[in-house]
Amino acid sequence: MEQVVQQVINWLALSSIYALLAIGFSLLFGVLNVIQFSHGDVGLTAPFIAMAVLAAASALFPGAGLAIAILVSVFAVGVLGILLDRLMIRRFRTAPPMMALVATVALGIVLRELIRILYPDGSNPHPFPVLIEGNAAVVGGVNVSWLVVAMMIATVLMVAALSAFLHHTALGTRIRAVSQDLEMARMLAINPNRIFQVTFFIASATGAVAGVFYASYVGLMRFDLGIIAGLLGFSAAVIGGLGNMTGAIVGSLVLAALDTLVQAVFPDGTAYRLVVAFLMVLAVLVFRPAGLLGKSVPQKV
Amino acid sequence: MSDAIFSAREVTIRFGGLVALDRVDIDVAAGEILAVIGPNGAGKSTLFNVITGIYAPSGGRVRFDGEDITGWQTHDIVMRGISRTFQASRLFSDLSVLDNVVIGLHTRTTTNVFEALCLPSRSRRELTWAAATATEILKRVGGDLYDRRYRRASELAQADRRRLEIARALAAKPKLLLLDEPTAGMDDRDTDALIEDIRRIKADRPEFAIIVVEHDMRLVASLPSRVVVLDYGRKIADAPFDVVRRDPRVQEAYLGQTEP
């Protein structure tokens, strides 16, 4: 029983992280028609930025240093997303998909290596603090930490806010319009560059929250965590159906369930978690290329 | 023409070696309806793409409402007062009928991204205004649009889709409306209804100008005050329909083929 409860908690925690990354991939793909392969790396710069400003934040705001440092890092990563779009990714929107793919993969490598060089002792892992200490409850004899509770609540709130934003604000409606038909959106006086900026800010900041959660959940940050986080988030988006918000969340739940199951059920399963996770991705691509909830993605990719 | 709200002078477009538009002059006065006709590939859609800034002309100037808009970005041109519909349906099919019109109202709202984040009450007020205005527009345009305003645009019948596209273009309160083959794919009854719709819109706002690219001769004969004929990128006629119809060059290039 305790085993089961513990695994359910792990599942939900992982789902939160994957979902926050996956909705960013989906949003960016939907609006720009570009798969932003460095999205994971962008998001995972957040813990480094947070640690870099922590000392200053603690001095300025005693007691709330960590919270402020994280807010700063999330905002900074959102701005980083806008910059990357402006400098590079936007140029590949109309280019052949292969070019965008190579370019964003290369961008991810550049980001990882920059962290390694610029952050003191950047090649080695660094500890990352638990965001909220202590346990929220005991369920079936298992301690449920505040961190996991906070991750789940934050994810639900962010997904709900994003959905409300996309469906019930003028700006959100414009974003959906650009994602459906860019040329027509321009004919309605929508400046697509503004929409790209907003989309990149939202997606990158969401990825930053995922990055901070990820680092806090595993207790450490490392320059190359972005690649695996990005691949898992992207896979979750593909499983659910790229470009589809609900799909991104469903995909995250499925992928995290598989991930958790493999680790829990098979002896030494941890070693195989990625093998199984990506076999799942392959299976979806072979049998349901549009994803579990997708409608018509293949002609876009 | 001195009172022209729109004028194109010597507009030329080259795609590699192909000359899609060859020194074309077009004037439209405020309140006028101008038809542009010509065989397939004559440069009609290219002309619309130049006017709306999708293509920058290789030569020539485009003036609109007292300003030289040559080479402007599409969204700036639309902001200035030119709206357009496309030949193929370009509705946002996943958005509701109402939201399709709300988007068209974008030119008339002022809240930008940061104001929307910092002053949510103001952006909410604007959204309420947009929804109410869009509802009014749908009521006036007619068809089943008003009753189906919360449905997805993809569920509409062909004639209503075309109506909705026109409603969306009108939402921006343009001074010049470009209609690209509005009757394409319509039967006679729908075409008659569309001609009536356009007449009603004109009656509401007599000052605004329309350029319509069209193949349907009934529409061309009944609506416009003037007809421009393009052939291989050149303007070969510019006169009232009755005159154009009797022009031997036009008959050879166009009418002779479709109305023997």
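Since the model is a prediction, treat every value here as computed from it, not as a measurement. (Residues numbered from 1 in each chain as written. Chains lettered and ligands numbered in written order. Predicted model: local features only at pLDDT ≥ 70, side-chain atom pairs only at ≥ 80, totals over all residues. Heavy atoms only, no water.)

## A short note on the overall build of chain A
(1) Moving on: Counting its regular elements, chain A contains 12 helices and four strands.
(2) Moving on: Taken over C-alpha atoms, the radius of gyration comes to 19 Å for chain A, in line with the 19 Å a tight globule of 301 residues would show.
(3) Moving on: Seen along its three principal axes, the alpha-carbon backbone of chain A occupies a region of about 60 × 50 × 40 Å.
(4) Moving on: By the burial criterion, 50% of the 301 residues in chain A qualify as buried.
(5) Moving on: Pairs at least 24 residues apart make up 72% of the contacts formed inside chain A by residues separated by at least 6 positions.
(6) Moving on: For chain A, the computed accessible surface area is about 13100 Å², with 71% contributed by carbon and sulfur atoms.
(7) Moving on: Side-chain charges of chain A comprise 15 positive and 11 negative groups, with the mean position of each set lying 15 Å from the other. (Helix = DSSP H or I, 4+ residues; strand = E, 2+ residues; numbered from the N terminus. Rg over C-alpha atoms; globule rule 2.2 N^0.38 Å. Buried < 20%, exposed > 50% of the residue type's maximum accessible area, 1.4 Å probe, protein only. Contact = heavy atoms within 4.5 Å. Areas by Shrake-Rupley, 256 points an atom, 1.4 Å probe, with all protein chains shown as cover. Lys, Arg positive; Asp, Glu negative; His and termini not counted. Charge placed at Lys NZ, Arg CZ, Asp CG, Glu CD.)

## Looking at the interface of chain B and chain A
(1) Moving on: Across the boundary between the two partners, chain B contributes 24 residues, which contact 22 residues of chain A.
(2) Moving on: Summed over both partners, the interface of chain B with chain A buries about 2300 Å², with 62% contributed by carbon and sulfur atoms.
(3) Moving on: At the boundary of chain B and chain A, one finds three salt bridges.
(4) Moving on: Joining chain B to chain A, the criterion identifies four residue pairs in polar contact (both at pLDDT 80 or more).
(5) Moving on: Elements that contribute at least two residues to the side of chain B that touches chain A include exactly α2 (74-80) and α3 (97-104) of chain B.
(6) Moving on: Looking at which element gives the most residues to the side of chain B that touches chain A, the answer is α2 of chain B, with four residues.
(7) Moving on: Counted by class, the side of chain B that touches chain A contains nine nonpolar, nine polar and six charged residues. (Buried area = accessible area lost by both parts, 1.4 Å probe. Salt bridge = Lys/Arg side-chain N within 4 Å of Asp/Glu carboxyl O. Polar contact = N/O pair within 3.5 Å; in protein donor to acceptor, adjacent residues only side chain to side chain. Nonpolar A, V, L, I, M, F, W, Y, C, P; charged D, E, K, R; others polar.)

## Notes on the pairing of strand β1 (residues 4-15) of chain B
All names here are of chain B.
(1) Moving on: Relative to strand β2 (residues 18-29), β1 runs antiparallel, the two being bridged by eight bridges. Following the sheet pairing, Phe6 is matched in β2 by Val28.
(2) Moving on: From the end of β1 to the start of β2, which pair antiparallel, there are two residues, and Gly16 there has a positive phi angle of about 60°.
(3) Moving on: Direction of pairing for β1 relative to strand β4 (residues 59-64): antiparallel, over a ladder of five bridges. In the strand pairing of β4, Ala8 is matched with Val62. (Pairing = 2+ DSSP bridges.)

## Section: the domain arrangement of chain B
All names here are of chain B.
(1) Moving on: Splitting chain B by domain gives domain 1 (4-91 + 173-258) and domain 2 (97-155).
(2) Moving on: Each side of the interface is counted separately: domain 1 has seven residues, and domain 2 has six residues.
(3) Moving on: A buried area of about 560 Å², summed over both sides, lies between domain 1 and domain 2, and 53% of it is on carbon and sulfur atoms.
(4) Moving on: Three residues stand out in domain 1 for area buried against domain 2, namely Met79, Leu91 and Lys173, and they jointly supply 62% of the buried area on that side.
(5) Moving on: Seen at the junction of domain 1 and domain 2, the total is one salt bridge.
(6) Moving on: Two residues, Asp204 and Arg140, come together in a salt bridge whose shortest N-O distance is 3.2 Å.
(7) Moving on: Remark: the boundary between domain 1 and domain 2 carries two residue pairs in polar contact (both at pLDDT 80 or more).
(8) Moving on: Put simply, the parts of the chain that give the side of domain 1 that touches domain 2 at least two residues each are α2 and α7 (188-204). (Domains from an automatic or database assignment.)

## As for the sheet that holds strand β9 (residues 226-231) of chain B
In sheet architecture, strand pairing relies on hydrogen bonds along the backbone and comes in two forms, parallel and antiparallel.
All names here are of chain B.
(1) Moving on: Here six strands make up an open sheet; going across it, the order is β6-β7-β8-β3-β9-β10 and the pairing mixed. Looking at which strands have only one partner, the edges of the open sheet turn out to be β6 (82-85) and β10 (234-239). Geometrically, the sheet is characterised by an average inter-axis angle of 15° between neighbouring strands, direction not taken into account.
(2) Moving on: The pairing of strand β3 (residues 33-37) with strand β8 (residues 209-213) spans four bridges and is parallel. Paired with Ala35 across the strands is Val212, a residue of β8.
(3) Moving on: Seen against the sheet, helix α1 (residues 44-51) touches β3, β6, β7 (176-180), β8 and β9 and runs at an angle of roughly 150° to β7.
(4) Moving on: Helix α6 (residues 158-171) contacts β6 and β7 of the sheet and is inclined by roughly 170° relative to β6. (Axes fitted to C-alpha atoms, helices over the stretch in contact; angles between N-to-C directions.)

## Some remarks on a nonpolar patch on the surface
All names here are of chain A.
(1) Moving on: Together, Met98, Leu101, Val102, Val105 and Ile109 give the surface a local cluster of nonpolar side chains, amounting to about 430 Å² of exposed area.
(2) Moving on: Summarising the element assignment, Met98 is placed in helix α5 (residues 97-118).
(3) Moving on: The exposure class assigned to Met98 is exposed, which follows from its relative accessible area of 57%. (Patch = residues over 30% accessible without salt bridge, like charges linked within 9 Å, V, L, I, M, F, W, Y side chains within 5 Å.)

## As for empty space enclosed by the protein
Residues and elements named next belong to chain B.
(1) Moving on: This structure, assessed with the given rule, holds one cavity of 30 Å³ or more.
(2) Moving on: Surrounding the largest cavity, Val141, Arg163, Ile166, Leu194, Asp197 and Ile201 form its lining.
(3) Moving on: The element contributing the most residues to the lining of the largest cavity is α7, with three residues.
(4) Moving on: For the lining of the largest cavity, the residue count by class is four nonpolar, no polar and two charged. (1 Å grid on protein atoms, 1.4 Å probe; cavity = no way out; pocket = protein on both sides within 12 Å on 5 of 7 lines; lining within 4 Å. Points joined across faces, edges and corners; volume = space filled by probe spheres on them.)

## Regarding helix α9 (residues 192-218) of chain A
Residue and element names in this part refer to chain A.
(1) Moving on: If you check α9, its first and last C-alpha atoms are 38 Å apart, about what 27 residues at 1.5 Å a residue would give, namely 39 Å.
(2) Moving on: Taking burial as the measure, the 27 residues of α9 include 21 buried ones, the bulk of the element.
(3) Moving on: If you check the start of α9, you find a side-chain oxygen 3.0 Å away from the backbone N of Asn193, and it comes from Asn191.
(4) Moving on: Taken from the residues just after α9, Gly219 is the one with a positive phi, measuring 80°. (Expected span 1.5 Å × (residues − 1).)

## What about the pairing of β7 of chain B?
All names here are of chain B.
(1) Moving on: Most of β7 sits inside the fold, with five of its five residues counted as buried.
(2) Moving on: The two faces of β7 match: Leu176, Leu178 and Asp180 on one face and Leu177 and Leu179 on the other face are all buried.
(3) Moving on: Strand direction decides the pairing type here: β6 and β7, joined by four bridges, are parallel. Looking across to β7, one finds that Thr85 is bridged to Leu179.
(4) Moving on: Bridging between β7 and β8 involves five bridges; their strand directions are parallel.

## Focus: the side chain of Arg162 of chain B
Residues and elements named next belong to chain B.
(1) Moving on: Take Arg162: it is sitting in helix α6.
(2) Moving on: Overall, Arg162 belongs to the buried group, its relative accessible area being 4%.
(3) Moving on: Within the structure, Arg162 has its side chain in polar contact with the backbone oxygen of Glu181 (distance 3.5 Å).
(4) Moving on: Beyond its immediate stretch of four places on either side in the chain, Arg162 contacts Gln87, Glu181, Pro182, Thr183, Ala184, Met186 and Leu194.

## Examining the sheet that holds β4 of chain B
(1) Moving on: Strand order in the open sheet made by the four strands is β2-β1-β4-β5 (chain B), with antiparallel pairing throughout. Edge positions in the sheet fall to β2 and β5 (67-68) of chain B, since each has one partner strand and no second.

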